[in-house]
Amino acid sequence: MLLGCAPRPTLNSIPDSGDLDTKPVFIATTRQADDHGGFGPEREQTVSYLRYDISYPPNRPAGKIVGFGQTINPDIQFLKVGSAGYSDATAFRQNLSSALKTISPADREVLIYVHGYNNSFDEGVLRLTQLTDDLNMTGVAVHYSWPSAAHPLAYEYDQDSVLFARDGLEDLIAQVHAAGARRVVIAAHSMGGILVVEALRQMDIAHPGSVAKAIDGVVLLSPDIDVEVFKTQLSRIQDLPQPFVLFVSHRDRALSLSGRLTGQRERLGNIRNYSELAGLNLTILDVTQFSIGIGHFALGDSVALLQFVS
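Let us look at the structure shown here. (Residues numbered from 1 in each chain as written. Predicted model: local features only at pLDDT ≥ 70, side-chain atom pairs only at ≥ 80, totals over all residues. Heavy atoms only, no water.)

1. Comments concerning the overall build of the protein
Put simply, the rule reads: Helix and strand definitions follow DSSP, with helices as H or I runs of at least four residues and strands as E runs of at least two, each counted in order from the N terminus. The reference for a compact globule is 2.2 Å times residues^0.38; the radius of gyration itself is calculated from the C-alpha atoms. Burial classes follow relative accessibility: with a 1.4 Å probe on protein chains only, a residue under 20% of its type's maximum area counts as buried, one over 50% as exposed, and anything between as partly exposed. The contact criterion used is simple: two residues touch if any of their non-hydrogen atoms lie within 4.5 Å. Computed by Shrake-Rupley with a 1.4 Å probe, the accessible areas treat only the displayed protein chains as cover when residues are assessed. Note on charges: Lys and Arg go in the positive column, Asp and Glu in the negative column, and His and the chain ends are not counted at all. The location of each charge is read from NZ of Lys, CZ of Arg, CG of Asp or CD of Glu.
Broken down by element type, the protein carries ten helices and nine strands. Scaling as 2.2 N^0.38, a compact globule of 310 residues should have a C-alpha radius of gyration of about 19 Å, and the protein matches this with 18 Å. In terms of overall dimensions, the protein has C-alpha extents of about 55 × 45 × 40 Å along its principal axes. Burial status across the protein gives 51% buried among its 310 residues. The contacts of the protein with a sequence gap of at least 6 include a subset with a gap of at least 24, amounting to 76%. Surface exposure of the protein reaches about 13500 Å², of which carbon and sulfur atoms provide 51%. Here the protein holds 25 positive side-chain charges and 34 negative ones, and the gap between their average locations is 4 Å.

Take a look at the structure:
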């Protein structure tokens, strides 16, 4: 519940002055559009595709997102300087392809980021831009925004929304490949991990062996997944993408609460008995010592961990 008491970061907009360092963030979402030009918590059956042009601040402190209220400072804030909506997946794919062609063929990598529980549309976009900036990532950033209620008491709504959004993520993966990506890596936070593994599971059930060919790496950050469910999910995937990495912390207060809500002692992201995952082709990174505050996003919040990983 403490998560709901903190002010939420918002993505403010400014005109493009031409002297800002801007990068595109491509977005696919199954949220309904709201009355303010953004996207809210309601679900939409069809996937919407768009692009935000984001200015990257030169003096933002690592491990922090500065984006609260109406104060605008391009020196320390990510800001939206432009946007485009696409009428269909074809137009989205063509524009993504154009962005990839500005990169040398060997570096045409796409990072797909899937946000977690209790996240607004803006929060997901900001987390992705923060990670790409702090980790000095090359390639093109793509965000999949599923319809989280962005409310700490809407845990069950978010769980249902994850299942609702599986087909949209599978379609996005197909669009990214069709656009010409040489490598596709997926990073998911918290409850977004369920969505990712469910989408990969249904892909491999339909076409056995396809997941390892389509995805070049998976990173689950503080995954809010039942351990037994996770093992069952993976049992239907013929070969896991490599690397397949879990970020685990025993100081994750959000997952401790999730465990109580679900009547369990622990979740995948704070598992202690690693032998429960024996025989699975994955890598576990214990980031307990880097966990600060609520401890639910160590990679994004810990400067020391960011320096270590990058």
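2. Some thoughts on the sheet that holds strand β8 (residues 244-248)
Condition: Following DSSP output, two strands are said to pair if at least two bridges run between them. With axes taken as lines fitted to C-alpha atoms, and helix axes fitted only over the stretch in contact, angles between N-to-C directions fall between 0 and 180 degrees.
If you walk across this open sheet you meet the nine strands as β3-β2-β1-β5-β4-β6-β7-β8-β9, and the pairing is mixed. The two strands at the open ends of the sheet, each matched to only one other strand, are β3 (79-86) and β9 (283-286). For this sheet, the mean angle separating the axes of adjacent strands, direction not counted, is 20 degrees. The pairing of strand β1 (residues 22-33) with strand β2 (residues 39-55) spans ten bridges and is classified as antiparallel. Considered in β2, the bridge of Ala28 is made with Tyr49. This element, helix α1 (residues 89-100), spans β1, β2, β3, β4 (109-114) and β5 (140-145) of the sheet and lies at about 160 degrees to β1.

3. Some details on the packing of helix α4 (residues 166-178) against helix α5 (residues 192-206)
Quick reminder of the rule: Comment on the angle field: the value is read as roughly parallel under 35 degrees, roughly antiparallel over 145, roughly perpendicular from 65 to 115, and oblique elsewhere. For a crossing to be left-handed, the near helix must be turned anticlockwise from the far one by less than a right angle; the clockwise case is right-handed.
Taken N-terminus to C-terminus, the directions of α4 and α5 make an angle of 70 degrees; their axes are 9 Å apart at the nearest point. Put simply, α4 runs roughly perpendicular to α5. Our pair here, α4 against α5, has a crossing hand that is right-handed. Each of Arg166, Asp167, Leu169, Glu170 and Ile173 in α4 lies in contact with α5, whose residues at this interface are Leu195, Val196, Glu198, Ala199, Leu200, Gln202 and Met203.

4. With respect to the pattern of salt bridges
The test is simple: Here a salt bridge means any side-chain nitrogen of Lys or Arg lying within 4 Å of a carboxyl oxygen belonging to Asp or Glu.
Applying the stated criterion to the full structure yields eight salt bridges. The partner of Arg60 in a salt bridge is Asp134, and the shortest N-O contact between them spans 2.6 Å. On the criterion of sequence distance, the pair formed by Arg60 in the loop between β2 and β3 and Asp134 in helix α2 (residues 121-134) is long-range, its members being 74 residues apart. As far as burial versus exposure is concerned, Arg60 and Asp134 are alike and both buried. Here Glu109 makes a salt bridge to Arg183, at a shortest N to O gap of 2.7 Å. Of this pair, Glu109 sits in strand β4 while Arg183 sits in strand β6 (residues 183-189), placing them 74 residues apart in sequence. Of the residues examined, Arg183 reaches a relative accessible area of 35% and is grouped as partly exposed. A single network of salt bridges, built from pairs that share partners, joins Arg60, Asp133 and Asp134.

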